Every structure is written in C-alpha cells, then in structure tokens.
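Tertiary structure, described
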Amino acid sequence: MGDGIVTSCKPPKEQHERKPEWLKIKLNTNDDYKGLKKLMRENNLNTVCEEAKCPNIHECWGSRRTATFMILGAVCTRACRFCAVKTGLPNELDLAEPERVADSVVIMNLKHAVVTAVARDDLKDGGSEVFAETIRAIRRKNPFTTIEVLPSDMGGIEQNIRNIMDAKPDILNHNIETVRRLTPRVRARAQYDRSLELLKRAKEMQPSIPTKSSLMLGLGETFEEIIEVMDDLRANNVDIMTIGQYLQPTKKHLKVQKYYSPAEFGELRKIAMSKGFSHCEAGPLVRSSYHADEQVNAAAKQRQQQGEELLAVQE
C-alpha cells in the first residue's frame, strides 16, 4: 500500500474465443417473418427456431418461409449442456396439437415441413404417438408436403421408433450431436451408441426412407473424432449429414473451444460426400433442419438414380 499500488484478489477472467466475422447474422424482419411469428402465436405453436435460439431464424422465416415445429410442449425433461430449450416438468399432452400443426402447414403452403420435439422421458411412448398423428394430420390436409421428423432417442425403445416409422415420414432425422468421447459431457441421458442404434433400426423398418443426423463442432473434438462420426453414421446406413458450429446460447452452457472457418467446413463436406452420403450441408451457421427442403430433394434424386441403375442391371 505504501507505493500506492492497489492489487485485486479477483482471479483473472477466463479467456473466451472471439466470435469471427463470418458468424455475423443479417436480420430480416420483413412481412413474411412477422406474419409467420404471428401465425405461430395465434395457433399456440412452439418452434425450435425460437426456443433453441437458432441463428438462421431470420433467413428461414424472412426469406425461405420455412419453420421447424416443436411439438409435445416447450419444456424438455433433459438438460443437455448445449441446448437453450427450457428444462423441467412438462405439461400434459395437447392432443389437438397435431391438427393445429397441420392447419399451419396448409396456411403457410409449405413444400417441406420439419417436426421436432422436446424429449419426453416422462411418457412411456416418448411422445411417438403424437409424432405419428402429426405426420398423418399433415398428410390428410396437405398431401403434397414432404415431412421430416426429428425425434429424441425415444428411450431406445423399438416400438416407439416403429410408431413413427409406420407413419412414413419422408425423412427420419436423429442427431448424434457430438463425438463419442464428449457425449456424456454434452448430452444429458443420451448415449452415442443408442443414437446409432435408432438410426439403424429406422432404416431397417423403412429402407426407402432416408435417414439423417447432425454434428455440431467447437466443443473440443479432434479431426479424427469427426471422421469417426462420419464412418459410424455411414456404417449404420445414414444418408444425409449436416455439420455446423456450436454457439454458446447462455453463460450457463458449454463454452466454445474453437470456431471453425468456412474453408474447414467446406473440406469436411467434401470428405462426407466422399464417404457416400447423398447430401451434406456443412457451414458455420448450418443447423439440423437448415435447407431441409433441398436435402429431401437430393435424397429423392439419389433414390431415383439408384432405381434406374438397378433396372439397367436387371435388363
């Protein structure tokens, strides 16, 4: 104190990775964005776009006029350390929800609808029957809309997966999220091998329906671990892969360990395609349902090409 220097007992602040320029988002609050938001509120619907703080919400709502519906309520029974969706005790099931989702798909005149949900470990069927009824309701009211579903692991129960696959969505999407080593730290209750098993069983139940999974980067994974995930997905006949940058939603969530450059994502996409995926979206802002309408078209083209090749061989 005699020399006039004041010292602090506070520990030094933890260094954070600075967000790079390519992650800056252009906001688009045009009439399409505002109209879609109004529609969701009027129909008492939830979207993962809002609940998970998706960085693409303005592009999808404002330009592409697409959205990912989140059924089974807005409260999740799991507390994954990367996800901003609320955790707690869910409300009772809203059995009218499938019809409201279907009505909204009609009003929006969607060519492709994505339906996801919070994890409902409190339900014996994991919410699979509501998923199935939502698919059927959309089919009844807008038969030309393609449907992608993104369920949790459904507790690994085969009948729960079968309930969904019997309703025949156009794409079954279940996210692996991260590499094997980091799964216990990143995903609450989920298991790496159980996710692979779900994707495998879904393909066995409905071989003609494309399967899809997503990987987020920046949590401390290695290049070799990323390649291992690709190989594991292909070994279980997954058709489509998306790869995006993890972004920390709040201070309570896991910190970003690395920001991958667009060039690195481009290289990973090339590797994924070389391994046999029919389609791969890879980029800093890519999320599981990003440009999902393009992915279902790519999968349909591949199925058509495979069918033509098979006929040629038979002839």
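As shown above, the structure is provided for reference.
Attention in this report is confined to the structure presented alongside it. (Residues numbered from 1 in each chain as written. Predicted model: local features only at pLDDT ≥ 70, side-chain atom pairs only at ≥ 80, totals over all residues. Heavy atoms only, no water.)

**Here's the deal with the pairing of strand E5 (residues 112-117)**
To be explicit about the condition: For every residue, the accessible area obtained with a 1.4 Å probe (protein chains only) is divided by the maximum for its type, and the residue is called buried under 20%, exposed over 50%, and partly exposed between those limits. The helix and strand labels rest on DSSP assignments: H or I over at least four residues marks a helix, E over at least two residues marks a strand, and numbering proceeds from the N terminus. Note on pairing: DSSP must find at least two bridges between two strands before they are called paired. A clockwise course of the path from the first strand over the helix to the second, judged with the strands pointing away from the viewer, identifies a crossover as right-handed.
Of all 6 residues making up E5, 6 are buried, and the element is well covered by its neighbours. What you see with E5 is no split at all: His112, Val114 and Thr116 on one side and Ala113, Val115 and Ala117 on the other are buried throughout. Sheet topology places strand E2 (residues 68-71) next to E5; 4 bridges connect them, and they run parallel. Bridge pairing in E5 places Ile71 opposite Ala117. Relative to strand E6 (residues 146-150), E5 runs parallel, the two being bridged by 5 bridges. Pairing of His112 across the sheet is with Thr146, part of E6. Handedness of the crossover is the feature at issue here: the chain leaves E5, passes through helix H5 (residues 128-141), returns alongside E6, and the resulting connection is right-handed.

**A closer look at helix H9 (residues 223-235)**
For the record, the criterion: By definition here, a helix of n residues has an expected span of 1.5 Å times n minus one. Contact criterion: two residues are considered in contact whenever any of their non-hydrogen atoms come within 4.5 Å of each other.
For H9, spanning 13 residues, the distance from its first C-alpha to its last is 19 Å, which sits close to the expected 18 Å at 1.5 Å a residue. Listed in full, the buried residues belonging to H9 are Glu225, Ile226, Ile227, Val229, Met230, Asp232 and Leu233. Residues of H9 that are buried make contact with helix H8 (192-205), strand E8 (211-217), strand E9 (240-245) and helix H10 (262-274).

**Considering the packing of aromatic side chains**
When we look at a pair of aromatic rings, we describe it by the centre distance and by the angle of the planes. What counts here: Side-chain rings of Phe, Tyr and Trp, where Trp is taken by its six-membered ring, are said to pair if the distance between their centres is within 6.5 Å; with planes under 30 degrees apart they count as stacked, over 60 as edge-to-face, and otherwise as tilted. Definition used: whenever NZ (Lys) or CZ (Arg) falls within 6 Å of the ring centre and also within 35 degrees of the ring normal, the charge is taken to sit over that ring.
Going through the model one piece at a time under the given rule, you end up with 1 aromatic pair. Centroid distance Tyr260 to Phe265: 6.0 Å. Interplanar angle 55°. Geometry classified as tilted. On the basis of relative accessible area, Phe265 is assigned to the buried category, the value being 1%. The ring of Phe277 carries Arg234 above its face, with NZ or CZ at 5.5 Å from the centroid. Over the face of the ring belonging to Tyr260 we find Lys258, whose NZ or CZ atom lies 4.2 Å from the ring centre.

**Points about the side chain of Asn236**
Secondary-structure assignment places Asn236 in the loop between H9 and E9. Non-local contacts of Asn236, meaning those with residues more than four positions away in its chain, are made with Leu196, Leu199 and Lys200.

**Digging into unusual backbone geometry**
You will see that Leu72, though not glycine, has its phi angle at about 70°, which is positive. Here Leu72 shows up in the loop between E2 and strand E3 (75-76). The phi torsion at Asn237 lies on the positive side, around 65°, for a residue other than glycine. Tracing the sequence through the fold places Asn237 in the loop between H9 and E9. In this structure Asn237 comes out as partly exposed when scored by relative accessible area, which is 46%.

**Brief notes about helix H6 (residues 158-166)**
Because each turn of an α-helix spans 3.6 residues, side chains separated by three or four positions end up pointing in the same direction. Residues of H6 that are buried: Asn160, Ile161, Asn163, Ile164 and Met165. Among the structural elements, H5, E6, strand E7 (171-173) and H8 are those in contact with the buried residues of H6. Following H6 by one or two positions, Lys168 has its phi on the positive side, about 55°.

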